[in-house]
Amino acid sequence: MASTSVLLSKAILASVVLLATVCACTAMSPYAAGLSEDFYHQSCPQAASIVDAYVTKFLKKDRNFAGAFNRLQFHDCWVGGCDGSVLLNSTATNQAEREAHVNFGLRGVAEIDEIKAGLEHFCPGVVSCADILILAARDATAKVGGPTWTVALGRRDGVNSTSLMADTNLPFPVLNFSGLVANFAAKGFGAREMITLSGAHTIGQSHCNGILPHLYNFTGRDDANDTDPAMNKNFAVFLKKLCPQGNRTNTIFIDSTANTFDRAYYKNVLQGKGIFMTDSTLITNPLGKKVVTTFSKPGSSFFTEFAAGMVKMGNLGVLTGSDGEIRKTCQFVN
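Residues numbered from 1 in each chain as written. Predicted model: local features only at pLDDT ≥ 70, side-chain atom pairs only at ≥ 80, totals over all residues. Heavy atoms only, no water.

An unreviewed UniProt entry annotates the chain as Peroxidase originating from Marchantia polymorpha. Per UniProt, the comment on the chain under Function (unreviewed entry) is "Removal of H(2)O(2), oxidation of toxic reductants, biosynthesis and degradation of lignin, suberization, auxin catabolism, response to environmental stresses such as wounding, pathogen attack and oxidative stress." Checking UniProt for the chain, the heading Subcellular location (unreviewed entry) contains the comment "Secreted". (UniProt positions renumbered as here; feature names shortened; annotations may be inferred.)

Participant: Which residues make up the UniProt feature "binding site: Ca(2+) 1" (unreviewed entry) in the chain, and what are the values?
Facilitator: UniProt's entry tags D76, V79, G81, D83, S85 and E97 with the feature "binding site: Ca(2+) 1" (unreviewed entry), counted in the numbering of this structure. Over a stretch of 22 residues, the named residues converge on one spot in the fold, their C-alpha atoms separated by at most 12.6 Å. If you trace the backbone, G81 turns up in the loop between helix 3 (65–77) and helix 4 (109–122). Residue G81 is classed as buried on the basis of its relative accessible area, which comes to 4%. Among residues more than four places away in sequence, those in contact with G81 are D76, L316 and G317. Within the fold, D83 resides in the loop between helix 3 and helix 4. (Helix = DSSP H or I, 4+ residues; strand = E, 2+ residues; numbered from the N terminus. Buried < 20%, exposed > 50% of the residue type's maximum accessible area, 1.4 Å probe, protein only. Contact = heavy atoms within 4.5 Å.)

Participant: Give me the packing of aromatic side chains: which residues, what numbers.
Facilitator: Applying the stated criterion across every chain yields a total of 20 aromatic pairs. For the ring pair F65 and F69, a centre distance of 5.7 Å and an interplane angle of 55 degrees mean the geometry is tilted. Of this pair, F65 and F69 both sit in helix 3, separated by four residues, roughly a single helical turn. The pair F65 / F69 is uniform in exposure class, with both members buried. Ring plane angle 55 degrees and centroid distance 4.7 Å describe the contact between W78 and F184, whose orientation is recorded as tilted. Taken together, the positions of W78 in the loop between helix 3 and helix 4 and F184 in helix 7 (residues 177–185) put the pair 106 residues apart, joining distant regions of the chain. A single burial state applies to W78 and to F184, both of which are buried. Three or more aromatic residues link up through ring pairs in this structure, and these residues are W149, F261, Y265, Y266, F295, F302, F303 and F306. Positioned above the aromatic ring of F65 is the side chain of R107, whose terminal nitrogen or guanidinium carbon lies 4.7 Å from the ring centre. Above the plane of the ring of F104 lies R248, whose end atom (NZ or CZ) is 4.5 Å from the centre. (Phe/Tyr/Trp six-rings, centres within 6.5 Å; stacked < 30°, edge-to-face > 60°. Lys NZ or Arg CZ within 6 Å of the ring centre and 35° of its normal.)

Participant: Go over the nonpolar core with me, naming the residues and quoting the values.
Facilitator: Membership of the largest hydrophobic core comes to 73 residues, with the highest contact counts inside it found for L72, L87, I112, L119 and M313. No other element matches helix 5 (residues 129–143), which puts eight residues into this core. Each of domain 1 (33–169) and domain 2 (171–312) accounts for three or more of the residues forming this core. Ignoring any residue separated from it by four or fewer positions in sequence, one finds I112 in contact with F69, L72, L87, I132, L133, A136 and C330. Counting 14 residues, the second-largest nonpolar core is a separate cluster that includes I211, F235, L239 and F276. (Core = buried A, V, L, I, M, F, W, Y, C linked by side-chain atoms within 4.5 Å. Domains from an automatic or database assignment.)

Shown next as structure tokens:
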């Protein structure tokens, strides 16, 4: 009886240890339930390499497109989750996310569809548009000097997309520091993570549409002299030449090294050379200024924290299992 009790105790102890180990591993996983790094290992093993090849092709043609792919992930995941809904076209009865004010000038949709067509040739009906967005953002960031990160896959595509949802969820470029903190907090991100992900503005371009309030309507007067007083004076003159009052469609690089992912964005913000009001406002708060100053210096943890932020963002509102669908083309539901 004694030996039986000992064996039973050991078996129970082993079960408890195993359960604790499993729970610990699950708790430590950085990915949403249903996602895995090897999701397409059997169904489409070449998926990641196909996306990578297309991204390389697009960046050879226009290196600045890295910013477009990065922006697509943010603008997709922030509105109802990472479900590829930002890619959908409007219909006769619905105005899709891409038509939202905050998505003015969004680029990269046709390129994502081209990647999708390439994947459909080898693995029809397997790889979601939502996963393509996640892979393209990671690959593009790394190819222009930024960090890379491991992505988990298995997202499925959503079938709903409205401009109202985009304008309600995405941060407008006129928000102040507390407004940005609140917007990111609603998605489960802290102030430091908000400042970190703002570093995506180190690559890419913008239409003047998002810059005009910073130059001509900072206090609501809407005149040529209503410029953010904290903006570098020479920089303001430079921007006004590129973005005359009332011109919404001209384009401008959003960073002094807009084709390279680096720390220049934070240096620019400290020098009063932030393009958007949401850039300049980062140093109006003591915590914000401290983080921006830290990230502007060599050896900072900006790259590491940015990669972690993109992984976390990729977990937002994902559809897995039998939810959603796998679109045949990214701009239309099946």
